[in-house]
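What follows is the residue order along each chain.
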Amino acid sequence: MKQIYRILIADDEPHVRRSFEKVLKRHENRNELHGELLELEKTLFNEADKPEESFSYEITLCDQGEQAVHEVENALREDRPYAIAFLDVRMPPGIDGVETGEQIRAMDPDIEIVIVTAYSDTDVDEITRRIPPLDKLLFILKPFHPIEVIQFTAALATKWRHGRYLKSLHRQMEEELKFREDNIMVLYKRLQDDIQKRKRYEKQLRRHAIVFDTMDEAVLISDLEGRLLDANPSFRNVYGYEKDELLGKRLDQMHPNGEEVVETLLDNLRKNGFWIGELPIVRKNGRKGWIKLNIKEYHDHENELSGYISVNRDITENKRTFDILKQQKNLLEDVFTRIHDGIGIVNENEEYIFVNPAIARIYEVSVEELLGRNVMEFCNDEGKKTILDETIKRKDKQVTTYNLDITTAKGNKRVLRISAYPRFDTNGTYQGAFGVLQDITEQQRLREQFLQSQKMEAMGKLAGGIAHDFNNILTVINGSSELLRSKLPEDLQEDFLDDIVNASFQAKQLVDQLLLFSRKQSISPEILDINSTIMEMQTFLKRIIGVNVQIKMVLDSELGLVEVDSGQFKQILMNLAVNSRDAMPTGGMITIQTRNITIDETMQEAIHGSKVGDYISFTFDDTGVGIPKNVITHIFEPFFTTKASEHGTGLGLSTVFGIIQNHDGWVNVESEENKGTRFSVYLPRIDSDYVQEEQRRHLETELKGRGELILVVQENAAVREFTVQALQRNGYKVMSESNAQGARKCCEKHRDDIDIVLADVDLPDSTGMFLLSEIKSRKPEMKMILTSGYIGDNEKQVLIDNLHVPLLNKPYTVHELLVAIKHGRSAEYDLTEYCELFEICEFLKNMPVSQEYLNEGWKRMFCRTLAKSERCKRKRYFFETGKQPEKHMTPTGHIIKPE
C-alpha cells in the first residue's frame, strides 16, 4: 500500500529548496538505502511480517516563514496535514525559522519540525524551549548529506504516521473508556431506578391487593379456556357463589345460555383482545340480573398471553332505573310532541328560543319559522301592553296567567290562555320565561253553552238532592199499598189503593224527569232499531198531536243501530212531537227523517257541537211559527217555556237534551220565524246484527221463598219495615239492621245461616259496596243485592255497572223486590277490587284545588275506566305525587323486585 506524505520546505535560498526537492524526489521509490531503513524499522518494531510499504511525497516549497504558516493553516483546514516541515533558521526579510516553527507548532502539535541550521547561528536551548516537544524537533546542519535527508524524512514520516495512529488509538481508547464509564453510570442509575421501581411496584401491588379485595365490582381472572383462576370477595356478592366453588371451572352456569355466551366471549377475545358490554346473569339462588362486563387479556412476565381479567359490575338496579327513566323520557318526549297545548320558552326580549309543534300550529307557522320571532309580532297594541305588564311581574319572580288576543301568520284571530313561569340564571338575572299556551278560542265561543250547562248542572244537583229521600217515600207508599190489598175488601181496593198507586207512579215519573234532564238518572241502554221504534210510536204520536197535524216518515232502509235506553228514546219522540204540535196551533206538517252519517274533520267544523265518527241522524221538522232568535239560546234550559203556565212545564226540551247527552250524542236546532223549526239529533251508530234479548218472565209462584234467611240493611225505618214485611209474606226469613256496623255483627253471628244480603248503597257509617265486599271476603259464596233511591256519584254508578252487582232501584214494588232477590241468588260478581276503587274515587273527589292538572274531565275519564284497571294503586300513586309509579308496583301498592 502506498503512503503519501506531505512535506513542507521553507528556505529563502532557492538552491537549497531545489536540493531538498531533488533528493526526496529521487528516492521516493524505495532504493537500497530506503530498503535498509525499512528492514531496520521491521527489526526495531518487531514487524517481520509487516507488508512492505512504498513512500511518496507531496512537497510544498516556501521562500518565507509567513508563507509556510499560511500553507500549514490551509492544510489543516483541508484536513490534509503536513507530516514534516523543514525550516531554515534565517529567512530574511520575514520571520525566522524559529518563529515560523513556533506558530506552526501552535497550529499543529503533531507535525515533525526539522530546523535546518549551522552551529554558528543556533541556540539549541532557545529553540527547544520555543518549539516543544523535544521529540518532535530535529536539527540538520548545513551542509547536509542527501542520505541524511532521506533517512530523516523516512523515519520522521513513519514516526509521524505511527504517532498519529497511536494518538488516534489513544483517543479511541479514551472514548471507549468514557463510553464504558458512562454505560456503567447509566447501568448503575438504571439499577437504582429498578430498585426504586421494584419498591414502588411492591407498594403498588400491596395497594392493588387492597383494592382487589375491597372493590365493589367482582374481579375474575380466568385462563385462555375461560376457567376461573382467581376472584375477589365481591364475586360472592355479585354472583352468590364462593370462589372455591368454581375454581378451575368454566363460568357457564352464571349466564342464561351460558355455554353459548362464554364461547362467544372467548371468540371475541381471541380476535380483539378485549370485550366490553352488558350480559344477563343467573345468581346461585336462581335470581336473575344484569352485569356490566369489561374483559381484557393479561400477559405474564415474559409477555406471553396467559388469560383474561374481567371486571363485573352489578347493574341490575341501574338498568331497572335506566329502563324506567328511558320510558319516562320517551313518554315525556311523546307527550311534549303530541300534547295539544303549546309549550314555548322566550328569552328576556320575548323572542321564542324553544317551541313544540302545538305552539307552531297555534300561530299557523312551522317550528323553524317561529323560532327567533317576537311574541309581540302577533299582537295588537293592547296585546303588546299586556305582554309588557306581565313581563314586569315575571321579573319580580311572579308566575303570571293571562289571556292574549293574537293574529296568526295566516290572519286568523285567536285567543290564548298563557301561563308563564319566569326563568333566572344563577346570579338572579332574568332570562325569560317558560310558557304554556292554550288556544281557548273555541272555549270563548262556547261560553254561552257552558253557562247553560252550569244552569242545568245546578238544577240537576237540586233534583238529585231530593231524589233519594223522595224515592224512599215512594217505596213505602207503593209497598204499603200492595201489602194492604190482601187485608182490604175488593171495593175499597178499587176506591183507594189504585188511586194511591197511580199517584205514586206519577210522582215517580216526575222524579225520573227531573233526574233525566239533569243527567243523574241511571239508564239501561240496549241495541235498538230506531226505524222500528218510530214506526211503533207512529199511532201514539198521531193521537197526541191531533188531527190537524200530519206526519211524514222518510226512513233510511239501511239505517244502522244505536245503543240507547228504549224508554228514553220514546220520550224524545214524544217531547219533540208535543213541542211541534204547540208550534202549529192551526195545523201543519211534521217530517221525521232518519239517515246514516259519517262526520269527518271538515264536517265537524260545519256542524255545531259535532264529533268525528259514525252516527245515525234523525230530524224532526215542523212548519210552525218558529223560534225567535232571542229565545232559541234558552230552549234547552229547565223550566224555561214561552207557553202559558197551564200549558207547559219547561221540562220537555231540557229532558230531550239530557237524554241525548247521556247517550254521547248532541242535538242542533235551526229555526226561522213563520217558516218552521228543525231539530237534528245525532247518536253514535253501531253497525252490527240486532239481537233482541228476550225478557225473562217470572210467575208469582217462582218468586216465593222457601225459608231462606235474608239480611236487610236499610237506614230508612219505613222502607226497612216494608221490605221485611214483603219478604216475610213471601216465604223468606228476614233479619234487619240500620247500619253497616250492625250488619257486620249480625253476619259474624249468623254467617252460616244467611243466604243473601240486601243492602242500601248509602249507609250512615259506610257504603253498601264496602259492606258487601267485607262480607264477601269472609264468606265468598254469600249472595248480595244493592238498593238505591238515587246514586249521587257517577263514579259509584260506574263501579256498580262494571262489577255487575244486582241493583234494585227505589221505589220498588213487592214484585220487583222478589224478582231482584231471585236474580241475586243466581248472579255471579266479583267485589275484590271495589275497596281500592272506591277509595281512589273518594280521593279524586277530595283532590286539593292546588293540583290543577286533575280537572273534572280527568276525574270522569279515570273513573269510567277505573273498574277495568288492574293498576289501581299505581294510578292513585300517579295522581297523588304527580309522578309515574314504580314499574313493578302491584295494584295494592307493593314493590316486587324482578328476579
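Residues numbered from 1 in each chain as written. Predicted model: local features only at pLDDT ≥ 70, side-chain atom pairs only at ≥ 80, totals over all residues. Heavy atoms only, no water.

Quick look at the sheet that holds strand β29 (residues 807-809)
Spatial ordering of the open sheet is given by β24-β23-β25-β28-β29, a layout of five strands whose pairing is parallel. The open sheet has two edge strands, β24 (733-737) and β29, and neither has a second partner. Strand after strand, the sheet turns through a mean of 20° between neighbouring axes, direction not considered. Bridge count between strand β23 (residues 709-713) and β24: five bridges; the pairing is parallel. What sits directly across from Leu711, in β24, is Met735. Packed onto the sheet, helix α24 (residues 740-750) meets β23, β24 and β25 (754-760) and runs at close to 140° relative to β24. (Pairing = 2+ DSSP bridges. Helix = DSSP H or I, 4+ residues; strand = E, 2+ residues; numbered from the N terminus. Axes fitted to C-alpha atoms, helices over the stretch in contact; angles between N-to-C directions. Contact = heavy atoms within 4.5 Å.)

Quick notes on helix α6 (residues 146-214)
In this model, α6 (69 residues) spans 98 Å end to end at C-alpha, consistent with the 102 Å of a helix rising 1.5 Å per residue. Among the residues of α6, Ile147, Val149, Ile150, Thr153, Ala154, Leu156, Ala157, Thr158, Trp160, Arg161 and His162 are the ones counted as buried. (Expected span 1.5 Å × (residues − 1). Buried < 20%, exposed > 50% of the residue type's maximum accessible area, 1.4 Å probe, protein only.)

What about the nonpolar core?
Residues Phe569 and Leu683 are the most contacted members of the largest nonpolar core, which totals 35 residues. Secondary structure elements with two or more residues in this core: α17 (530-545), β17 (549-554), β18 (562-564), α18 (566-583), β19 (588-599), β20 (613-622), α21 (652-662) and β22 (676-684). Not counting residues up to four positions away in its chain, the partners in contact with Leu683 are Ile530, Val562, Val564, Phe569, Tyr615, Ile616, Ile660, His663 and Gly665. Val238, Tyr239, Leu269 and Leu279 belong to the second-largest nonpolar core, a separate cluster that totals 23 residues. (Core = buried A, V, L, I, M, F, W, Y, C linked by side-chain atoms within 4.5 Å.)

Some points on the packing of aromatic side chains
Overall, the coordinates contain 10 aromatic pairs when judged by the stated rule. The interplanar angle of 80° and the centroid separation of 6.3 Å between the aromatic rings of Tyr5 and Trp160 together place this pair among those described as edge-to-face. A residue pair is termed long-range when its members are at least 10 positions apart, and Tyr5 in strand β1 (residues 2-10) and Trp160 in helix α6 qualify at 155 residues. Like Trp160, Tyr5 is buried. Arranged with centres 5.4 Å apart and planes meeting at 75°, the rings of Phe569 and Phe618 form a pair that is edge-to-face. Residue Phe569 is found in helix α18, and its partner Phe618 is found in strand β20; the two are separated by 49 residues along the sequence. (Phe/Tyr/Trp six-rings, centres within 6.5 Å; stacked < 30°, edge-to-face > 60°.)

As for a negative patch on the surface
Negative charge collects at one region of the surface, where Asp752, Asp753, Asp755 and Glu781 lie side by side. For Asp755, the location among the structural elements is in strand β25. (Patch = residues over 30% accessible without salt bridge, like charges linked within 9 Å, V, L, I, M, F, W, Y side chains within 5 Å. Areas by Shrake-Rupley, 256 points an atom, 1.4 Å probe, with all protein chains shown as cover. Salt bridge = Lys/Arg side-chain N within 4 Å of Asp/Glu carboxyl O. Lys, Arg positive; Asp, Glu negative; His and termini not counted. Charge placed at Lys NZ, Arg CZ, Asp CG, Glu CD.)

Section: a nonpolar patch on the surface
On the surface, a nonpolar cluster with roughly 430 Å² of combined accessible area is contributed by Tyr165, Leu166, Leu169 and Met173. Within the secondary structure, Tyr165 is located in helix α6. By relative accessible area, which is 52% here, Tyr165 ends up exposed.

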